[in-house]
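# Structural overview for review
Chain by chain, the residues run as shown.
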Amino acid sequence: MKLQSRGQLAAATYVAARRVLEIQAKLHRWARDDPHRRFDDVFNLVADPAFLLVAWDRVRHNRGAKTAGVDGRSASYVQVVVGVEEFLGRLRASLKDRSFCPVPVRERMIPKAGGKQRRLGIATITDRVVQASLTLVLEPILEADFLPCSYGFRPGRRAHDAIAEARYLAARSYEWIVEGDITACFDEISHPALMGRLHNRIADKRVLALVKAFLKAGILGQDTSLRHLCFSIWGYGCALHLLDMCLRCW
């Protein structure tokens, strides 16, 4: 389909979003109905034109769309210079022929309270779109395994919901609230453990290889040094599933 105007792009995105939502509902239902089911042949969904278009739309509307990765290209550059249709076509082709390879994210240090700094990894727009498409596929599957009391980085949930539940329980005989923090959790989380949890639900080796490639892409520091310490925001859902299971056992 030729997308020659913003109106055509918006219409195509609307149709694609409806298709993606229908498939996500099926994935979630199948995962919920069978806790031991492993999903195969989901890589084709990651590279599906509808999923890539919805993924692009999410990336384009994200606050960081104006911020470029190591290639210096922002979402606006893709729209004005490359063209969305051309960009997504090339990306889909590279996914299908397995030539796609994530590149290191760009490091940016964000000031924190107390004089400390938090490391932020900024991926390229291309990598962000693939990450978003992966999320569209993996999230409905992993969501089925979360406990109802888990709130972080989940669709339709936020910290305020956790606070509301804590207040509700505190008013009904609960007396203790335990607060904990895992130092540099997403910088130091075990990649083998994370992949192991993902392997329990995903049987498609192409998807597992793609996730692993993102985990190993590394981060290009402000001093131009390459380090393998990066954990992208898209993977929080997978990581939180792992932590959820660990805390359940604890």
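Residues numbered from 1 in each chain as written. Predicted model: local features only at pLDDT ≥ 70, side-chain atom pairs only at ≥ 80, totals over all residues. Heavy atoms only, no water.

### With respect to the pattern of salt bridges
One pass over the full model with this rule turns up seven salt bridges. Arg19 is paired through a salt bridge with Asp48; the nearest N and O atoms lie 2.7 Å apart. You can see Arg19 sitting in helix α1 (residues 6–33) and its partner Asp48 sitting in the loop between α2 (43–46) and α3 (49–61), a full 29 residues away along the chain. A salt bridge links Arg90 to Glu86, with the nearest nitrogen and oxygen atoms 2.8 Å apart. Here the residue Arg90 and the residue Glu86 both occupy positions in helix α5 (residues 84–96), the gap between them amounting to four residues, near one helical turn. For Glu86, a relative accessible area of 39% corresponds to the partly exposed category. Via salt bridges that share partners, Asp41, Asp204 and Arg206 belong to a single interconnected network. (Salt bridge = Lys/Arg side-chain N within 4 Å of Asp/Glu carboxyl O. Helix = DSSP H or I, 4+ residues; strand = E, 2+ residues; numbered from the N terminus. Buried < 20%, exposed > 50% of the residue type's maximum accessible area, 1.4 Å probe, protein only.)

### Quick look at the environment of Ile202
Along the chain, the position of Ile202 falls in the loop between α9 (191–199) and α10 (205–215). As a C-alpha pair, Ile202 and Val42 span 160 residues in sequence and 8.3 Å in three-dimensional space. Those residues in contact with Ile202, other than ones at most four positions away along the chain, are Arg38, Phe39, Val42, Leu138, Ile141, Val207 and Leu208. (Contact = heavy atoms within 4.5 Å.)

### Points about the packing of α1 against helix α6 (residues 125–143)
The N-to-C vectors of α1 and α6 enclose an angle of 30 degrees; their axes lie 7 Å apart at closest approach. In the crossing of α1 with α6, the sense of the turn from one axis to the other is right-handed. Mapping the contact onto sequence places Val20, Gln24, Leu27, His28 and Ala31 in α1 and Leu136, Val137, Pro140, Ile141 and Glu143 in α6. Each residue belonging to the contact of α1 with α6 can be placed in one class, and the counts come to seven nonpolar, two polar and one charged. (Axes fitted to C-alpha atoms, helices over the stretch in contact; angles between N-to-C directions. Left-handed = near helix turned anticlockwise from the far one by under 90°. Nonpolar A, V, L, I, M, F, W, Y, C, P; charged D, E, K, R; others polar.)

### Things to note about unusual backbone geometry
Of note in this structure, Arg98 is not a glycine but carries a positive phi near 65 degrees. Within the fold, Arg98 resides in the loop between α5 and β1 (105–111).

### Points about a nonpolar patch on the surface
Together, Val70, Val103, Leu220 and Leu226 line one region of the surface with nonpolar side chains, adding up to about 270 Å² of accessible area. Here Val70 shows up in the loop between α3 and α4 (75–82). (Patch = residues over 30% accessible without salt bridge, like charges linked within 9 Å, V, L, I, M, F, W, Y side chains within 5 Å. Areas by Shrake-Rupley, 256 points an atom, 1.4 Å probe, with all protein chains shown as cover.)

### Here we look at the side chain of Thr124
Within the secondary structure, Thr124 is located in the loop between β2 (117–122) and α6. Taking relative accessible area as the criterion, Thr124 reaches 2% and is therefore assigned buried.

### Observations regarding the nonpolar core
Ranked by internal contacts, the top residues of the largest apolar core, which has 50 residues, are Trp56, Leu95, Val129, Ile202, Val207 and Leu210. Among the elements that take part in this core, α6 stands out by supplying ten residues, more than any other. For Leu95, the residues in contact, after removing those within four places along its chain, are Phe43, Val46, Ala47, Leu52, Phe100, Val130 and Leu210. (Core = buried A, V, L, I, M, F, W, Y, C linked by side-chain atoms within 4.5 Å.)

Without other data, these values stay purely geometric and don't point to any function.
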